[in-house]
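# Topology and contacts: notes
One letter stands for each residue in the lines below.
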2 protein chains.
Amino acid sequence: MGQAAQRPTLEFWFEFASTYSYPAAMRVEDVCAAAGVALRWRPFLLGPIFAAQGWNDSPFNLYPIKGHYMWRDLERLCDAQGIPFRRPSVFPRNGLLAARVACIGAEEGWAAEFVRGVYHANFAEDREIADATVVGAVLESIRRPAGAILERAQEPVVKRALRANTDEAIARGIFGAPSATAGSELFWGNDRLEDAVGWARLGTPSM
Amino acid sequence: MGQAAQRPTLEFWFEFASTYSYPAAMRVEDVCAAAGVALRWRPFLLGPIFAAQGWNDSPFNLYPIKGHYMWRDLERLCDAQGIPFRRPSVFPRNGLLAARVACIGAEEGWAAEFVRGVYHANFAEDREIADATVVGAVLESIRRPAGAILERAQEPVVKRALRANTDEAIARGIFGAPSATAGSELFWGNDRLEDAVGWARLGTPSM
């Protein structure tokens, strides 16, 4: 048990609406496993963080030139990673319900499959992840009791867990997703995943 | 000559004030050479591009949480890359004169050494690169006639060359630095340098 507590750990901070969180979420478990680093899934909401910066929408919508680039870049990244991509017809989608369910999954140990299922629904199948039926279908696909979990997702303890994650993200200086933390070191972006894992393992970047 | 024209080429778009352009500029020549890709140095100005987005300062100053992260991230990157880093006491510095000189260097084939010298002055030595004496010292350190070149940097043809680069950057959808283009494909950031070079070489990302 003492050993488990000391095992190097990466905390992966993600938001279901976030585009670059998609390729990162699909590979973070493998990247951590290959490095012998434990993974903690930390769903949070970008909305309050963006609002504090004066944004009421995704910066990719507010700055369309950057948004145009991002969609092409994401397409290339998914291609190179060998994961399907279809540009969502609605962006950003509201990931609140899915994030609450992910909090339950993180507690119970089935977050990985659920998270990947939700990202796949949003960014490969263009499905409305704000919909309880879509979130429920993802839960069923990973053999979890959808009805019971969707009910629990509305309980105050679960709402508080997600709020606590978002508060902790803000306290740690997180301003975008995906982010990864290794101890007090913060890494932003899918591009920094390997560096973050290397830092978690060795206390230094992997580069 | 026909062969030279067909040689795969990476265009490297950079701004001397830009923080992440520093590690990118220090390694882009090696990365290109290792891949057999020709390198074209494209200095440009971010000021007009940021102004069009409603910013009158670096986004790293306008969004201090992001800025705080960037300085730590840059320190880690420089460490991993084995290049010195000292946080500039003034940020962003005005790179106009240095960019004009870089236009001359790109024309005459000595841009690489000059560009690295200016970045080193700004981000390793904390020197004021807006100063003609500092730019002149960099020119002297690479055995170029500083006085004559600084005079030429004020000629309309040189000013036009830099303006043309900035106009072309805007036309290509460039919104930040460093950027790299391979044909019509755009890549943003130090992180994407390898992908950009891979695309230039093979028409596909290197990942």
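Presented here is a report on the structure given in the accompanying data block. (Residues numbered from 1 in each chain as written. Chains lettered and ligands numbered in written order. Predicted model: local features only at pLDDT ≥ 70, side-chain atom pairs only at ≥ 80, totals over all residues. Heavy atoms only, no water.)

On to the overall build of chain A. Within chain A, the regular secondary structure consists of 11 helices and four strands. Computed over the C-alpha atoms, the radius of gyration of chain A is 16 Å, within 12% of the 17 Å expected from 2.2 N^0.38 for a compact globule of 207 residues. Oriented by its inertia axes, the alpha-carbon framework of chain A measures out at about 45 × 45 × 35 Å. The 207 residues of chain A split such that 53% are buried. (Helix = DSSP H or I, 4+ residues; strand = E, 2+ residues; numbered from the N terminus. Rg over C-alpha atoms; globule rule 2.2 N^0.38 Å. Buried < 20%, exposed > 50% of the residue type's maximum accessible area, 1.4 Å probe, protein only.)

Before going further, it helps to examine the packing of helix H6 (residues 96–108) of chain B against helix H10 (residues 156–171) of chain B. Residues and elements named next belong to chain B. At a closest axis distance of 9 Å, the pairing of H6 and H10 adopts a crossing angle of 100°. Classified by the angle their axes make, H6 and H10 are roughly perpendicular. Listed contacts from H10 to Leu 96, Ala 99, Arg 100, Cys 103 and Ile 104 of H6 are Val 158, Lys 159, Ala 161, Leu 162 and Asn 165. Here the contact of H6 with H10 is composed, by residue class, of seven nonpolar, one polar and two charged. (Axes fitted to C-alpha atoms, helices over the stretch in contact; angles between N-to-C directions. Parallel < 35°, antiparallel > 145°, perpendicular 65-115°, else oblique. Contact = heavy atoms within 4.5 Å. Nonpolar A, V, L, I, M, F, W, Y, C, P; charged D, E, K, R; others polar.)

Time to look at the pattern of salt bridges. As a working rule, side chains carrying opposite charge can pair if their charged atoms are close by. Scanning the model with the defined rule gives 38 salt bridges over all chains in all. Notably, a salt bridge pairs Glu 194 of chain A with Arg 27 of chain A, separated by 2.5 Å at the nearest N-O pair. Taken together, the positions of Glu 194 of chain A in helix H11 (residues 193–202) and Arg 27 of chain A in helix H2 (residues 21–35) put the pair 167 residues apart, joining distant regions of the chain. Here Arg 27 of chain A falls in the buried class, since its relative accessible area comes to 15%. Among the ionic pairs, Glu 168 of chain B bridges to Arg 42 of chain B, the shortest N-O distance being 2.7 Å. Here the residue Glu 168 of chain B occupies a position in helix H10, and Arg 42 of chain B occupies one in strand E2 (residues 38–43), the gap between them amounting to 126 residues. Judged by relative accessible area, Glu 168 of chain B falls into the partly exposed class, the value being 28%. In this structure Arg 42 of chain B comes out as buried when scored by relative accessible area, which is 2%. Ionic contacts of the salt-bridge type, sharing partners, join the residues Arg 72, Asp 73, Glu 75, Arg 76 and Asp 191 of chain A together with Glu 185, Arg 192 and Asp 195 of chain B into one network. (Salt bridge = Lys/Arg side-chain N within 4 Å of Asp/Glu carboxyl O.)

This part is about the nonpolar core. Counting residues in hydrophobic clusters, the biggest one holds 144 residues, and the most contacted among them are Phe 16, Val 101 and Phe 114 of chain A together with Phe 16, Val 101 and Phe 114 of chain B. Those residues within four positions of Val 101 of chain A in sequence are excluded, and the remaining contacts are Trp 110, Phe 114, Val 135, Leu 139, Ile 149, Leu 150 and Ala 153 of chain A. (Core = buried A, V, L, I, M, F, W, Y, C linked by side-chain atoms within 4.5 Å.)

All names here are of chain A. Pairing in this open sheet of four strands is mixed, and the strands run E2-E1-E3-E4 from one edge to the other. Each edge of the open sheet carries a strand with a single partner, namely strand E2 (38–43) and strand E4 (185–188). Within the sheet, the average angular offset between the axes of one strand and its neighbour, ignoring direction, is 25°. The pairing of strand E3 (residues 179–182) with E4 spans four bridges and is classified as antiparallel. Its bridge partner being in E4, Ala 180 is matched across the sheet by Phe 187. Most of the contacts of helix H10 (residues 156–171) go to E2, to which it runs at about 105°, and overall it touches strand E1 (9–14) and E2. (Pairing = 2+ DSSP bridges.)

We now examine the pairing of strand E3 (residues 179–182) of chain B. Sheet faces and side chains relate simply in a regular strand, where the side chains alternate between the two faces. All names here are of chain B. Covered by surrounding structure in E3 are Ser 179 and Thr 181 together with Ala 180 and Ala 182, the residues of both alternating faces. Taken together, the three bridges between strand E1 (residues 9–14) and E3 define a ladder with antiparallel strand orientation. The partner of Glu 11 across the bridge, within E3, is Thr 181. Adjacent in sequence and paired antiparallel, E3 and strand E4 (residues 185–188) are bridged by two residues, among which Gly 183 carries a positive phi angle near 60°.

The next thing to look at is H10 of chain A. All names here are of chain A. For H10, built from 16 residues, the straight-helix expectation of 22 Å at 1.5 Å per residue is met to within 8% by its first-to-last C-alpha distance of 22 Å. Listed as buried for H10 are Val 158, Leu 162, Asn 165, Thr 166 and Ala 169. For H10, the arc enclosing every buried residue in end-on projection is 90°, short of the 170-degree limit, so these residues lie on one face. Counted as exposed and oriented over 90 degrees from the buried face of H10: Pro 156, Arg 160, Arg 163 and Ala 171. On its buried face, H10 is in contact with E1, E2, helix H3 (47–52), helix H6 (96–108) and helix H9 (146–152). Gly 173, located one to two residues past H10, shows a positive phi value of around 85°. (Expected span 1.5 Å × (residues − 1). Arc of directions from axis to C-beta.)

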